[in-house]
Each structure stands twice: as structure tokens, then as C-alpha cells.
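Analysis of the macromolecular model
One letter stands for each residue in the lines below.
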Amino acid sequence: MTSLLLSILVLLALYGVYIAAIAARGEAHPSDFLDGAQALPGWAAMFLLPALAVSGLASGSGLEAQLALVTRFGLQASHLAVGFVLVAMAALLAWNRMWYVARVARLSTPGEALGQFYGSVTLRVVMLGLAVLFALPFSANLLSSAALLLDKATNGLLPRAAGVWVLAISLAIPAIIGGWRATIMTLAMQAVLLALLLPGSIVLAEILLAGQGFPSVPIPVQEGGLWDGLPGVTQYSAGIGKDMPATGIFTTVALSSSTIGLLGIVFSPATLYLGQTAAPGRSFGVSSVWLGAGLLTGIFVLGAPMLATRMAAGPMALATQLYAAEPLAGVGLVVMLLAGGLLAVSFFVTGGAIIVTRELVVRYLFPDLPERGQRFSARVAIGFAFFLLRRRNINRHL
């Protein structure tokens, strides 16, 4: 599995470099590096928003952690995906307004838009701080999980520390070369790949593996847990880390609070910046209503329990079984789990670095910086952000 998996990951990395080179050559002005000339393809934004919402599941730990929760708690954890409906509603309301404000008032970043509208410098500082928080701690958590999964998938051939280096560099190079447009175009195609692999892995697992799965077989939850229902509206325990309610933790109140937490993805500075820099069209509505609230919610609510039941022994155990039956199926499962996290890492780190460049460097530190200088500053900021991301992971591991 190792050689095939690494070959596919190398091809994906080379694809990102290829798209970045095309985007760099197509820049009409150096400043297009920072905002894609505010004409990002509508289809790219359409596919990217639902994929980003996946990274917010399981308290921001991503797809693999969400499937692990379904394995442990059953359908009560699967219903976290209903939060995609709330994400779609918020995105539909926010993105159209941010796009309109950006075009009419010529406000280039979310911090500038909110600060100008409310007449508050504090809001600009808050948005800048949120951009850094999503770019470093949130993305570092996802990158750490991806590197650990890659370590297991390669049987230690690519250790976690080396995996952090390799993954961070492979994500940084396309962003440094092509900027915002190249990043969005590359991630949009990865989102399409994720949309194909997720239902594909569910179907292939049911076809290729022996034995019955969900719903013929109950989800193997922890002892005493409710695999097929919610454990009431709310319940009390001794506290986090002290007591685990026997029937499960995902009560109605816990589900509602978790779904509200998903809104952090929609209102994160980088996601709002994506809405500001997209081309006009109907992509916002299609992305939110049909792909997010419709397709993605349906796949996770109906399909995730099927995959989680087969994943009771862990994701690598299932990948090994699929690989024995069909090599591409096993590798596809691992690529799907990796893409769900790495997609968000590249997006938030690149977007956060560009927003910091425009909000801090260009506006306050060097307001007379020419366009070429702005592009160079953004490239330095992106490289520095990925370096800090790598350092945070290595130090945390040590």
C-alpha cells in the first residue's frame, strides 16, 4: 500500500504546483496574487465551502475523528452532520452580503468590511486575531492528525515528524508560487475528489468486504451506549475527564451546541475572504443549499454509520482489508481521510497569511508598498506561516 499511496500523494502535489504555475503566469497585475483579481471561479467556491465544513466536525478534528465518534457513540454522533444545514443557512446569508459590500464599497478584507461598517478598529483587530488562530492552532491540529495517519499508513516509513515536514512543504509551495487563486483552484479539485471518494468508499466497503454491515449489524458502540437513539435532551455528569455518561454524550443540547460551533468555519476570516473574492454568479446558493445542506448532510447522516461500522477496528484496519480486495479502494480511503484535513490546512494558512499581509503589513507597516512588494510580502508571510505550523507540530510531538 505504501508505494501506491505515496505515488498518488506525489501526483496530487505536482498537480498543485502545475495549477500554481498557470495561475502565476496568468496574473495581469502583481496584486492579483493576493485576491485572484476578485474573480475566483464560481465552481471553485461552490465545491470548497462544503469541504471546509467537513474539517469542522468533531470539534475541528476532521473527518477521521468524526467517523471515530460515530463508531464509539452510534447514530447520536452521526447526527452532528445535521449542523451542515445551519452552516448552509449562515453561508447563504453572509456570503452574498460580503460579496456585495466588497464590490460596492471596494473593501478588500473581512476586517476592513466589518471595521468600516461598524466604525470600529477593534473589530479589525479581532478579525486579524481570528485569522491567525485558524491559520496556526486549528490548522496545526489537522496537520498533526494527517501526519499521524500517514505514519500508520506507511508502517513507519514516513514517521510523523517527517510527515509534518513533507505535508507542510507540499502545501506551501503551490501557495507561494500561485497565491490565492492557485490555492483555491487546487483545493476545489481536491474537494471534488473528496466528494467522489466519500460515497465511493462507503459503496466499495459494502461490496468488497464480507459480512453484513449497518443497518443489519448494530454499530459497535461503547458498552451501555445508545447506538440507535439520542440519550435525552440533556444529562449531567461529574465533569469533563471525570465521568462519561453511560448512554453517550451527544444529547439534544450537545448536538445543538456542536452544530452552532460549526458556524466558526463560515464566519472565519479566510472563508469570508473567499466569499469576497469570488466571481459573481449563483455559486453561493448552489454550494450552500444543494451541496452543503443537501448532498453533504445526506451522505454523512445516511452513509457515515455504514462506514463507521466497518471501521470499528480503526481506519487502517479497514484500509488494509479494502487494499487486499482492491488496492485502489484501500488507498482511496486513506487519501480521503488525508484530503479532508489537508484541504483545510492549506486554505486557512494561506488565507490567514494573505489577510495578515493586507491588514497589517500593507495598511499599517508599509502603506506605500508597491504591488510587487505586496506580492513578495505575501509570499514571505505564507512561507513563514507554514514554517510556524511545522514548528508547532514538532514541538508538540516532542
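The sections below set out a description of the structure shown in this document. (Residues numbered from 1 in each chain as written. Predicted model: local features only at pLDDT ≥ 70, side-chain atom pairs only at ≥ 80, totals over all residues. Heavy atoms only, no water.)

1. Some thoughts on the overall build of the chain
What counts here: Only DSSP runs of H or I reaching four residues or more are called helices, and only runs of E reaching two or more are called strands; each is numbered from the N terminus. When accessible area is computed with a 1.4 Å probe and restricted to protein chains, residues below 20% of their type maximum are described as buried, those above 50% as exposed, and intermediate ones as partly exposed. Here a residue-residue contact requires only that any non-hydrogen atoms of the pair lie within 4.5 Å. Each accessible area is a Shrake-Rupley estimate made with a 1.4 Å probe; only the visible protein chains count as cover when residues are assessed. By the counting rule applied here, Lys and Arg register as positive and Asp and Glu as negative, while His and the ends of each chain are not counted. For this purpose, a charge sits on NZ of Lys, CZ of Arg, CG of Asp or CD of Glu.
Per the secondary structure count, the chain includes 17 helices and zero strands. Projected onto its principal axes, the C-alpha positions of the chain cover 65 × 50 × 45 Å. Burial analysis of the chain (398 residues in total) assigns 53% to the buried set. Considering only contacts in the chain between residues 6 or more positions apart, those separated by 24 or more positions represent 82%. In the form shown here, the chain has an accessible surface area of approximately 17100 Å², with 68% of it arising from carbon and sulfur atoms. Charge-centre separation for the chain: the mean point of 21 positive side chains lies 7 Å from the mean point of 14 negative side chains.

2. Quick notes on helix α10 (residues 160–208)
As a reminder of what qualifies: Given the number of residues in a helix, its expected span is that number minus one, multiplied by 1.5 Å. Two axes enter the definition of the bend at a residue: one is fitted to the seven residues ending there, the other to the seven starting there, and the bend is the angle between them.
Between its first and last C-alpha atoms α10 spans 30 Å; for 49 residues at 1.5 Å apiece the expected length is 72 Å, and the helix comes up short by more than 12%. Approximately 130° is the largest bend angle found in α10, and it occurs at G179.

3. Some words on the side chain of S268
Within the secondary structure layout, S268 lies in the loop between α12 (263–266) and α13 (269–277). A relative accessible area of 1% means that S268 is categorised as buried. Here S268 is in contact with F134 and F348, once residues within four sequence places are set aside.

4. Some remarks on the pattern of salt bridges
In a structure, side chains of opposite charge can pair up when their charged atoms sit close to one another. Our working rule: Throughout this description, the term salt bridge denotes a Lys or Arg side-chain nitrogen within 4 Å of a carboxyl oxygen of Asp or Glu.
One pass over the structure, following the stated rule, counts four salt bridges. Salt-bridge contacts for D35 lead to R358; the nearest nitrogen and oxygen are separated by 3.8 Å. Separated by 323 residues along the polypeptide, D35 in helix α2 (residues 32–35) and R358 in helix α16 (residues 327–365) bring together distant segments of the chain. As a salt-bridge pair, R124 and E359 come within 2.9 Å of each other at their nearest N and O atoms. Taken together, the residues span a long stretch of sequence, with R124 in helix α9 (residues 121–153) and E359 in helix α16 at a distance of 235 residues. E359 shares its class with R124; the two are buried.

5. Some points on the nonpolar core
Stated precisely, the cut-off is as follows: Residues enter a nonpolar core if they are buried and are Ala, Val, Leu, Ile, Met, Phe, Trp, Tyr or Cys, with the set joined through side-chain atoms within 4.5 Å.
Counting residues in each nonpolar core, the largest one holds 97 residues, and the members touching the most others are F84, L274, F300, L307, M336, F347 and F348. The greatest single-element share of this core, amounting to 18 residues, is contributed by α16. Ranked by size, the runner-up nonpolar core spans 12 residues in total, among them A77, F214, I219 and V221.

6. What to know about the packing of helix α8 (residues 110–118) against α9
Geometrically, a packed helix pair is captured by the angle between its two axes and the distance between the axes. The line we're drawing: Lines fitted to the C-alpha atoms define the axes, with helices restricted to the stretch that makes contact. Angles between their N-to-C directions range from 0 to 180 degrees. Angle categories are assigned with fixed cut-offs, so that under 35 degrees is roughly parallel, over 145 is roughly antiparallel, 65 to 115 is roughly perpendicular, and the rest are oblique. Crossing chirality is assigned from the near helix's rotation relative to the far helix, an anticlockwise turn below a right angle marking it left-handed and a clockwise turn marking it right-handed. Ten residue types, Ala, Val, Leu, Ile, Met, Phe, Trp, Tyr, Cys and Pro, are classed as nonpolar, four, Asp, Glu, Lys and Arg, as charged, and the remainder, Gly among them, as polar.
Here α8 crosses α9 at 160°, and the two axes come no closer than 7 Å. The pairing of α8 with α9 is recorded here as roughly antiparallel in orientation. As for the relative orientation of α8 and α9, their crossing is right-handed in sense. Of the residues in α9, those touching α8 at P110, G111, E112, L114, G115 and Y118 are L123, R124 and M127. The residue inventory of the contact of α8 with α9, partitioned by class, reads five nonpolar, two polar and two charged.

7. Section: unusual backbone geometry
Within the chain, A37 stands out as a residue other than glycine whose phi angle is a positive 60°. Looking at the secondary structure, you find A37 in the loop between α2 and α3 (42–55). Positive phi values are uncommon outside glycine, yet Q38 reaches one of about 50°. Here Q38 lies in the loop between α2 and α3.

8. Quick word on the packing of helix α1 (residues 2–25) against α16
Orientation of α1 relative to α16, taken along the N-to-C sense of each, is 50°, at an axis distance of 10 Å. Relative to α16, the element α1 lies oblique. Pair α1 / α16 crosses with right-handed handedness. Contact residues: α1 offers L4, L5, I8, L9 and L12, while α16 offers P327, L328, V331, V334, V335 and L338. Classifying every residue of the contact of α1 with α16 by side-chain character gives 11 nonpolar, no polar and no charged.

9. Examining the packing of aromatic side chains
Basically, it comes down to this: Stacked, edge-to-face and tilted labels apply to pairs of Phe, Tyr and Trp rings (six-membered ring for Trp) whose centres lie within 6.5 Å, assigned for plane angles under 30 degrees, over 60, and everything in between, in that order. Criterion for a charge above a ring: Lys NZ or Arg CZ within 6 Å of the ring centre, and within 35 degrees of the ring normal.
Under the definition given, this model contains eight aromatic pairs. Centre to centre, the rings of F73 and F250 are 5.4 Å apart; their planes meet at 80°, and the pair counts as edge-to-face. With F73 in helix α5 (residues 63–73) and F250 in the loop between α10 and α11 (252–261), this pair connects stretches of sequence that are 177 residues apart. Both residues of the pair, F73 and F250, belong to the buried class. Look at F347 and F348: their rings are 5.2 Å apart centre to centre, the planes differ by 80°, and that puts the pair in the edge-to-face class. Each member of the pair, F347 together with F348, is buried. In textbook terms, an aromatic cluster arises when at least three aromatic residues are bridged by ring pairs, as seen for F134, F138, W180, Y273, F347 and F348. Taking the ring centre of Y364 as reference, the NZ or CZ of R363 above it sits at 5.6 Å.

10. Considerations on the side chain of T357
Using the following cut-off: Here a polar contact is recorded for every N or O atom pair within 3.5 Å, except that within protein the pair must consist of a potential hydrogen donor and a potential acceptor, and residues adjacent in sequence are included only if both atoms are side-chain atoms.
Here T357 lies in helix α16. Among the polar contacts made by the side chain of T357, one reaches the main-chain carbonyl oxygen of A353 at a distance of 2.8 Å. Setting aside chain neighbours within four positions, we find T357 in contact with L34, V362, Q374, S377, A378 and A381.

11. Observations concerning α13
Of all nine residues that make up α13, nine are buried, and the element is covered over most of its length. Restricting attention to buried positions, one finds in α13 the residues P269, A270, T271, L272, Y273, L274, G275, Q276 and T277.

In short, geometric facts, not functional conclusions.
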